[in-house]
Amino acid sequence: MFHWKPAAGAAAFAISASVSALAATPALSAENLRFAIGWPPGSSAEESTQHFADVAEAESGGELTVKVYPLSLLNFLESTSGVRDGVADLTTVLTPYFITEFPEMNYATELASLAELEDGDPARNVMAYNGALMEYIFFNCPDCQAELEAQNHVYLTGSGSQSYFLQCTKPVSSVEDLAGLRVRAGGAFWARWATAMGATPVSMSINETFEGLSQGVVDCVAASAPELTNFGFIDVVTDMTPGVPGGSFVSGVAQMNRERWAEMSEANKLALLKASAALSARGVYSYYEVGNENMAMAKEKGVAIHEPSAELMEKTRAWIKTDAEALGATYSERFGLKDTDAKLAKLRELMGKWSDLTAGVESEEQLRQIYWDQLHSKIDMATYGQ
């Protein structure tokens, strides 16, 4: 979700602290919280999380402090159990890593493709879908809240990437161009799209994708604009096709241990919610800005930008509608989700609302205010997460 470049020596940091080291850590008071993230030191994700800490301290008048632990207390795979068991007080949970623990939330995050059916700038649509998803989880999805409770978590805020598009080593603008092409797909949505378009989805670690592109193992990667520099794709791709396949990676960027939340004063809960709106806006908007910078950089380097054909766009949009409708049956069969048609309808309704709310956003501060006014300020601190 966040654009980052590893700091020098970041690889030297341990993925997680040992149990003995944790046991030796002094217990922290209720006014001091540990926020563990899976990104490395020096990343913009760390900067965004530190922004959360700074806002929380300022809004609480210094009564609440948050210490950020980048890739040292928990990694992404340890995040859910780590906060559940109190190893950390807060963490980012990439819900696709925990599909059996969070099927309700994963169903909603997979429907981020609904943003592609809205008019406007696809690079900005995640601002809207992130807002729609947060409103859905906060106020419209008791089943989401039940699975959060089962994991001993409280959901505070979300964030997400820009819309994904094709970054390739050959020109792609039509359905015919995609036939037989090997496309690195970073998730189920993009793999399904590639198959539907006649391409071949390839499962490959994002860290191996640069080499895969340079050696011809894959022809394209479906990724967002920040990944051009995030993973060095800008040095190997020759052609890009904005607009397809679409979709974005959205998830819970701050989830808190339930007991720690319950013991906070209302004043400190308020400070955390204000910090949560700030974190969400910082994450989404910084990704948007970096994406714009990378697109300009790619053009300067001579990367060819192709408009997808009308046929490809129409086929993609039609497939997204069909896929969204079929997804509910898949989740019902695999995980026992109920009322998926009603849930899909609610998310579509919220996406329309949030497209209007975010249409004129021109700054991080504006987005933060909208998230606060429409979402975090409306949470009943006396009952939420209890």
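Residues numbered from 1 in each chain as written. Predicted model: local features only at pLDDT ≥ 70, side-chain atom pairs only at ≥ 80, totals over all residues. Heavy atoms only, no water.

Once that is clear, we can look at the overall build of the chain. Scanning the chain for helices and strands turns up 15 helices and eleven strands. In terms of overall size, the chain behaves like a compact globule, its C-alpha atoms giving a radius of gyration of 20 Å where 386 residues would be expected to give roughly 21 Å. Taken along its principal axes, the extent of the C-alpha atoms in the chain is 60 × 50 × 40 Å. In the chain, buried positions account for 57% of the 386 residues. Of the contacts made within the chain by residues no fewer than 6 positions apart, 80% connect residues no fewer than 24 positions apart. Per element, the accessible surface of the chain, about 15,000 Å² overall, is 51% carbon and sulfur. Charged side chains in the chain number 27 positive and 50 negative. The centres of these two groups are separated by 2 Å. (Helix = DSSP H or I, 4+ residues; strand = E, 2+ residues; numbered from the N terminus. Rg over C-alpha atoms; globule rule 2.2 N^0.38 Å. Buried < 20%, exposed > 50% of the residue type's maximum accessible area, 1.4 Å probe, protein only. Contact = heavy atoms within 4.5 Å. Areas by Shrake-Rupley, 256 points an atom, 1.4 Å probe, with all protein chains shown as cover. Lys, Arg positive; Asp, Glu negative; His and termini not counted. Charge placed at Lys NZ, Arg CZ, Asp CG, Glu CD.)

So, about the pairing of strand 10 (residues 250-257). Burial within strand 10 is extensive, with eight of its eight residues counted as buried. Where strand 3 (residues 90-93) meets strand 10, three bridges bridge the pair, whose relative direction is antiparallel. Considered in strand 10, the bridge of Thr91 is made with Gln255. Summarising the sheet, strand 4 (residues 153-160) and strand 10 pair through seven bridges and their orientation is antiparallel. The residue of strand 10 that forms the bridge with Ser159 is Ser251. (Pairing = 2+ DSSP bridges.)

For the rest of this paragraph, the subject is the confidence of the model for the chain. Per-residue pLDDT for the chain has a mean of 89; in total, 92% of the residues score no lower than 70. Note on residues 2-30: pLDDT under 50 across the span, and 52 contacts to partners over four residues away in sequence or across chains. (pLDDT = per-residue confidence, 0-100.)

What follows is about the environment of Glu101. Structurally, Glu101 is set in the loop between strand 3 and helix 4 (103-110). Once the C-alpha coordinates of Glu101 and Arg282 are considered, the two residues, 181 residues apart in sequence, prove to be 27 Å apart. Not counting residues within four places of it along the chain, the set of residues in contact with Glu101 comprises Glu147 and Gln151. At 3.1 Å, the side chain of Glu101 forms a polar contact with the side chain of Thr100. (Polar contact = N/O pair within 3.5 Å; in protein donor to acceptor, adjacent residues only side chain to side chain.)

Following the criterion strictly, the structure yields 17 salt bridges and no others. As a salt-bridge pair, Lys170 and Asp219 come within 3.4 Å of each other at their nearest N and O atoms. Placement of Lys170 in the loop between strand 5 (165-168) and helix 7 (175-178) and of Asp219 in the loop between helix 9 (209-214) and strand 8 (220-223) is noted, with a sequence separation of 49 residues between them. On the basis of relative accessibility, which here comes to 34%, the residue Lys170 falls in the partly exposed class. (Salt bridge = Lys/Arg side-chain N within 4 Å of Asp/Glu carboxyl O.)

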